[in-house]
Each structure stands twice: as C-alpha cells, then as structure tokens.
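Here is how the chains run, residue by residue.
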Amino acid sequence: MSVKVRIPTPLRPLVGNQADIAVAGATVMALIESIDGDHEGFKGRLCDDANNLRRFINLYLNDEDIRYMQGLDTPVQDGDTLSIIPAIAGGSGQSFPGILAELKKTHREISAQEVRGKQDGGDSFLLLDVRESEEFRQGHLPGAIHAPRGFLEMKIEAIAPARDTALTVYCAGGVRSLLACETLKNMGYTNLESMAGGFGDWKQKELPIETPKVLSDKARSRYSRHISIPEVGEKGQLKLLGSKVLLIGAGGLGCPSAYYLAAAGVGTLGIVDFDVVDESNLQRQILHTPERVGTPKISSALKTLKTFSPDIELIPFEERLTSANIESIIKDFDVVVDGTDNFPTRYLINDACVKLKKPCVHGSVYRFEGQVTVFDPAQEGPCYRCLYKEPPPAELAPSCAEAGVLGVLPGVVGLLQAVETLKILLGIGASLRGKLLTYDALEASFQTFKLRQNPECDYCAAGKEFPGYIDYEHFCLRQSA
Ligand SMILES: [Zn+2]
C-alpha cells in the first residue's frame, strides 16, 4: 500500500528536494511520521509539540481538507494523494508586508504629536533617529540622537547602556524605525516605541526641526586627518571653516601662512597687500610665480590659493593700511596675522587690534633670525607697545630689501604663525601670548622669552582711553617681508 505525499517547495530541502514521496501508513499522521523517520525535522515543520497541525499548514487528502475529515487521524488508502499546502504570501520566506504587519503588532507606535507632547512635557526618553547620515544632515527632530540603522547594534550600548531606557525611535516614514525596534528588542531593550509616519509626518505637521551643522562628505574626506584628531574633530573643522583670518602682507610671512591656513580649511582668508610681484620676491614668497612678476601680489596670491582650496572665501584688500581704513578692514576677522616688514604698519595693526580686541599673531624675520608671538588684547598679556613703546628711527630700521633674509626663514616663521592662528581659532593648547619665540637658523635653536604687560602702557593698560592712531612716516614702502 502506498500513498503519494506531495511536498511543497518550501519543505523540499528537508526531503532531499523530492516533489513527492510514496509512503505507506494507515493514517495521515502515520504517513507524516514515516517521512519524518527518513527525514528528521519534517514532522516538526507540520505539527507542533502537541501533535496539532500547525495553523499555517493545510493538508488535503485527494481534494478534501483533512480538518473536515478526521484530522491527522484520517485513514488513508492505497492510491490516495496527500497534498501539503502551506500558506504562501508570495516570494520566498515571509514577505515584507507580512513582516511589517507582525512588527506593527509587536511594537508600540506613537504619533508625531504624541512625541512632541512628551518633549514639551519634559518626559525622560531618548529620541533615536535611525535614518542614514545624509537624511539626518538635512534636518531632524530637536534633541534626536543619530544612530543609523546599519550601525544601531554597534552604537546603541554607548547611547543607552541601561536596557530599560525609554527609547523612541523614528525614521523617514515609520518602517525602518519598526525594524530598528525589533533589533533593539532582540538586544534586550524593553521600553521601545516607534514614531508612526516618521520624519515625513513630523514635517507635515509643521513641528520644529533642527538642521545640524555638519561637514559635507567632500569636506569630511578632505579634512579627515583633522577630524581624526580628538582636539580638532568635526566640531573643530566646522569652527575653522566658519573662521575668518586676515593676513596682512602677501609676502615672505603671509605666503606660507596663507598657504597652510587655506589648506587647513580656514573658511575665510582676507589678504591685505598693495605691492606688485618682484623678481626678488620669488626666493621666498611662494604664492607667486615668475610669470606673475609685475602683477599685483594680491591677485597672484588669490590665484594660487584658489587652485588648491577652491571652496574657501578669499577677500582681497589691495590697499595700503592707514589709520583711516584699518578698523573697517580688520573688524570682521577673528584673528589678524601680522606679516608686514615695516614699523608704521606694525604699530597701526597693534593699536587697532588693541582697540577692537582682536588677537594678533606677530611674526618678523631678519637675515637668519625670526620672532613669533601672540598679542591678545581680549585676554591678559602685553601688546606690541608694551615691548617697544615707539618705532625706531628710520635709519635704524632696515627693511627686508636692505637687510636680506634667508629664503626659507620666513617659511619657518610664517608657519609658526599659522600654527598659532589655528590654535587660537580652535581654542586649544597654550598660545605664545606673553611669550616671544625666537628662532636662530644658524644656531638651529629656538628660545622662549617671557613678555610682560606694561601696566603703564598707553594702549592696553586697564582703564586707559584709546589715545588714537599715529601715522608714522613710511620709511619702507613695502608692506610685506
Ligand atoms: Zn600694551
């Protein structure tokens, strides 16, 4: 006696991929057990532990549903066909709509307004945004923590170490958040809810959103070596991109400073220079090129900086600094980098920085020697006039043109100025405020000297009224070292 049992596709892997099996037995159950004897696990797929037919499986003896006969005890006869008909939703395995319907039953859903109500009511819960980074960057719920679904398992324990933390999860439309809830549930989280309708619904209800300040993918890649330093990070890089630095002089000091500040992603660089490129500048002023000799330094500098940092804003000031224009030029900048080579301009810069409380990164070079310091009138420390009350007379103050300078020396000093500038912008480290750093190239030595504020200084001493600018006679026409 033999009955043909037809095996549905999902169960065929269990029986060596046979479509039907001829088997002997007196009842339906006997047939199932007989197959299970040869193919372990077969019965378990059809019946539960109490030997009841699973609810998503129907069995037909010939064309009759055994539920309407004697169930699993229905007797069978030689030549019968037993067909196993499982519930099939389409596709292989459980369909997505099926999963979603299950999840909606399993997890608590909450509306956008209810989430807002909880926020307004000061409820204690964590709001998790499980969307992708790009979606999050374009706006999110106030106070949301970003934990993209792909990284959820890795991130959640740092965000919510306690498994009973109240977590409200949302995505764009309320589907991924349900899937995320399932993941969290499997990790042991017990207090979960998913925001139905997601960010889309939140936006449609015109509830408040926050647009985070984050780096673009391009900037993230370009500044990745900054981002990986904890003292800088994405926050620091955003700070740099939002910063404005004014370089006074596009010469020996200004060129290397500008080069690196632009490369480092200082978002706005202003450059003051009224000179033209001279053949003799090329020995050290690395933004300029031989074919630009005779053209304005400012346009030459801009051209070079644009080629490797096209996204930063460059503001040219092709004019000589005077007491009449200095305030309007420096007022919008965060830091002033002094790269001049003449005393009248240095005093003008100092006095204006003291008056407007702008940090000034001072650098100077002479043959083989360089000096760097930081004057920061907003904080404690001296100003330039505390050190030297007045400029020396013209005959004792040679400019670069007369004194000469080793070509790479302004490179060293200009870069030290750039480093100090970045530290000020980022608010990290100990600046050279109150300290003069000297570099002797021939001796290969650096030395630091303490600089003290003069309590009687006419310009920076507490309680003194700004005495006004002094336009010293210009004994050096060049503005930059
Ligand atoms: Zn002073």
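Residues numbered from 1 in each chain as written. Predicted model: local features only at pLDDT ≥ 70, side-chain atom pairs only at ≥ 80, totals over all residues. Heavy atoms only, no water.

Caption draft 1: Summary view of the overall build of the chain. A tally of helices and strands in the chain yields 18 helices and 18 strands. Scaling as 2.2 N^0.38, a compact globule of 481 residues should have a C-alpha radius of gyration of about 23 Å, whereas the chain reaches 38 Å, well beyond that. If you line up the chain on its principal axes, its C-alpha atoms span 125 × 55 × 40 Å. The buried share among the 481 residues of the chain stands at 47%. Taking the intrachain contacts of the chain between residues at least 6 apart in sequence as the baseline, contacts between residues at least 24 apart amount to 66%. About 23,600 Å² of surface is accessible on the chain, with carbon and sulfur atoms providing 51% of the total. The average position of the 51 basic charges and that of the 62 acidic charges among the side chains of the chain differ by 2 Å. (Helix = DSSP H or I, 4+ residues; strand = E, 2+ residues; numbered from the N terminus. Rg over C-alpha atoms; globule rule 2.2 N^0.38 Å. Buried < 20%, exposed > 50% of the residue type's maximum accessible area, 1.4 Å probe, protein only. Contact = heavy atoms within 4.5 Å. Areas by Shrake-Rupley, 256 points an atom, 1.4 Å probe, with all protein chains shown as cover. Lys, Arg positive; Asp, Glu negative; His and termini not counted. Charge placed at Lys NZ, Arg CZ, Asp CG, Glu CD.)

Caption draft 2: Spotlight on a nonpolar patch on the surface. On the surface, a cluster of nonpolar side chains totalling about 370 Å² of accessible area is made up of F368, L406, V408 and L442. Tracing the sequence through the fold places L442 in the loop between β17 (435–440) and β18 (445–450). (Patch = residues over 30% accessible without salt bridge, like charges linked within 9 Å, V, L, I, M, F, W, Y side chains within 5 Å. Salt bridge = Lys/Arg side-chain N within 4 Å of Asp/Glu carboxyl O.)

Caption draft 3: Structural view of unusual backbone geometry. Its identity is not glycine, yet E206 carries a phi of approximately 60°, on the positive side. In this fold, E206 is placed in the loop between α8 (198–204) and α9 (217–222). One non-glycine residue, K357, lies in the positive phi region at around 55°. By the secondary structure assignment, K357 is in the loop between α15 (343–356) and β15 (360–366).

Caption draft 4: The coordination of the zinc ion, seen in detail. Protein coordination at the zinc ion: the donors are C383 (SG), C386 (SG), C457 (SG) and C460 (SG), at 2.2 to 2.3 Å from the metal. Each of the four donor atoms around the zinc ion contributes to a set of angles spanning 91 to 123°, which defines the coordination as tetrahedral. Spacing between the donor residues of the zinc ion along their common chain follows C-x2-C-x70-C-x2-C. Within this pair, whereas C383 is found in the loop between β16 (369–375) and α16 (384–387), its partner C457 is found in the segment after β18, the two being separated by 74 residues in sequence. (Donors = N, O, S within 2.8 Å, 3.2 Å for Na, K, Ca; no water. Tetrahedral: all angles 85-135°; square planar, octahedral: opposite > 155°, others 65-115°.)

Caption draft 5: Expanded view of helix α13 (residues 297–308). Taking 1.5 Å per residue, twelve residues should reach 16 Å; α13 reaches 18 Å between its end C-alpha atoms and fits that length. On its buried side, α13 packs onto α12 (254–263), β12 (268–272) and β13 (313–317). (Expected span 1.5 Å × (residues − 1).)

Caption draft 6: Focus on the sheet that holds β12. Taken in spatial order, the eight strands of this open sheet run β13-β12-β11-β14-β15-β16-β17-β18, and their pairing is mixed. Single-partner strands in this sheet number two, and they are β13 and β18. The sheet shows a mean angle of 15° between the axes of neighbouring strands, direction not considered. Pairing geometry for β17 and β18, over six bridges, is antiparallel. If you follow D440 over to β18, its bridge partner there is S445. This element, α12, spans β11 (244–248), β12 and β14 (335–338) of the sheet and lies at about 165° to β11. (Pairing = 2+ DSSP bridges. Axes fitted to C-alpha atoms, helices over the stretch in contact; angles between N-to-C directions.)

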